[in-house]
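Residue-level listing of the chains:
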Amino acid sequence: MTNDTRWLASLALLVASAGAGCTSPNPDYDPPRASGPQSNLPNDPPAVARADATVDTSPEPDAPCAIYYRDEDGDGFGDAQVSLRWCDGAPPAGYVTRAGDCDDGDARAFPGQTRAFDEERVGGGWDFDCDGKATRVEVGVVQDCQRTNTGCVGGGWFKPLPQCGQQGKRMSCEIAGYEGGKPICKAAYHYAPPPCR
Ligand SMILES: [Ca+2]
Ligand SMILES: [Ca+2]
């Protein structure tokens, strides 16, 4: 080894030892995050900022237009023949979103009605649940009146059992008084149509 080569070897050793002991921070190094995607690329944006990169600053859209139906009797169902298109949010007074009322002048008649009635609809007919049919609700055949400790039981319809809208003979059992603390029952007769819906 010549003097020149010895000098070059010493210089190389000095450079290597200086690099091994370096502790200054590297400006291009990002420390690892606690969780989420890891990167040490310079100027890497935070994960949260990337997730919310799109921000909707447009104004709230107008309320959508809808068709509303006149509800004259206030039963919550409107007349399909009387409707309007409304674009101002809340429904206009006297109008509802549901159609299907088969008699908008009689609040007893609406889709889904479960009660039955023995007085005809205001608009005529006996279809109170708006299913297109007048259905007679179960009509019991007449039974003798009997008293219980608290009242009277029995009564019912005489045959032939009437159809909706037809007059039929019916017997009811009523309390006429008390004897020894127990009710006295008597039969009462009347003619009426059966309950229908
Ligand atoms: Ca109605
Ligand atoms: Ca019906």
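Note that the coordinates shown come from a computational prediction; the quantities given were computed from them, not determined experimentally.

**Examining the overall build of the chain**
A count of helices and strands for the chain gives two helices and seven strands. Listing each helix as α and each strand as β along the chain from the N terminus yields α-α-β-β-β-β-β-β-β. Taking all 197 residues of the chain together, 12% fall into the buried category. Excluding contacts between residues fewer than 6 apart, the proportion of contacts in the chain whose partners are at least 24 apart in sequence is 41%.

**With respect to the environment of Cys 196**
Checked against the element boundaries, Cys 196 lands in the segment after strand 7 (182-192). Note on Cys 196: 24 C-beta atoms within 10 Å, which makes it buried. Linking Cys 196 and Ala 134, residues 62 residues apart in sequence, is a C-alpha distance of 6.3 Å. Cys 196 has contacts with Ala 116, Phe 117, Trp 126, Ala 134, Thr 135, Arg 136, Val 137 and Cys 164, leaving out every residue within four places of it along the chain.

**Examining the confidence of the model for the chain**
In the predicted model, the chain carries a mean pLDDT of 79, and the fraction of residues at 70 or more is 69%. Mean pLDDT values for the elements of the chain range from 42 in helix 1 (residues 3-20) up to 97 in strand 5 (residues 152-157). For residues 5-53, every residue scores under 50 in pLDDT, and the model assigns this stretch twelve contacts once sequence neighbours within four places are set aside.

**Details of unusual backbone geometry**
Residue Pro 160 is bonded to the preceding Lys 159 through a cis peptide linkage, with omega at 0 degrees. The phi angle at Cys 130 is positive, at roughly 60 degrees, despite the residue not being glycine. Within the secondary structure, Cys 130 sits in the loop between strand 3 (95-96) and strand 4 (143-147).

**Thoughts on the sheet that holds strand 4**
Pairing between the strands of a sheet is mediated by backbone hydrogen bonds and can be parallel or antiparallel. Strand order in this open sheet of four strands is 4-5-6-7, and the pairing throughout is antiparallel. Pairing within the sheet leaves two strands with one partner each, and these edge strands are strand 4 and strand 7. Pairwise comparison of adjacent strand axes, ignoring direction, gives a mean angle of 15 degrees for this sheet. With eleven bridges joining them, strand 6 (residues 168-179) and strand 7 adopt antiparallel strand pairing. The partner of Glu 174 across the bridge, within strand 7, is Lys 186.

**Some points on the sheet that holds strand 1 (residues 66-70)**
In spatial order, the strands read 2-1-3; together these three strands make up an open sheet with antiparallel pairing. Strands with a single pairing partner mark the edges of an open sheet, and in this sheet they are strand 2 (79-86) and strand 3. Alignment of strand 1 against strand 2, held across five bridges, turns out to be antiparallel. Paired with Ile 67 across the two strands is Arg 85, which belongs to strand 2.

**Examining the nonpolar core**
Listed in full, the eight residues of the largest apolar core are Phe 77, Cys 102, Ala 109, Phe 110, Trp 126, Phe 128, Cys 164 and Cys 196. Apart from the residues within four sequence positions on either side, Phe 128 is in contact with Arg 108, Ala 109, Gln 113, Ala 116, Phe 117, Arg 121 and Arg 197.

**Remarks on the pairing of strand 1**
Pairing between strand 1 and strand 3: two bridges, direction antiparallel. Note that in strand 3 the partner of Tyr 69 across the bridge is Val 96.

Rules used in this analysis
Residues numbered from 1 in each chain as written. Chains lettered and ligands numbered in written order. Predicted model: local features only at pLDDT ≥ 70, side-chain atom pairs only at ≥ 80, totals over all residues. Helix = DSSP H or I, 4+ residues; strand = E, 2+ residues; numbered from the N terminus. Buried ≥ 20, exposed ≤ 12 C-beta atoms within 10 Å, placed from the backbone. Contact = placed C-beta atoms within 7 Å. pLDDT = per-residue confidence, 0-100. Pairing = 2+ DSSP bridges. Axes fitted to C-alpha atoms, helices over the stretch in contact; angles between N-to-C directions. Core = buried A, V, L, I, M, F, W, Y, C linked by C-beta atoms within 7 Å.

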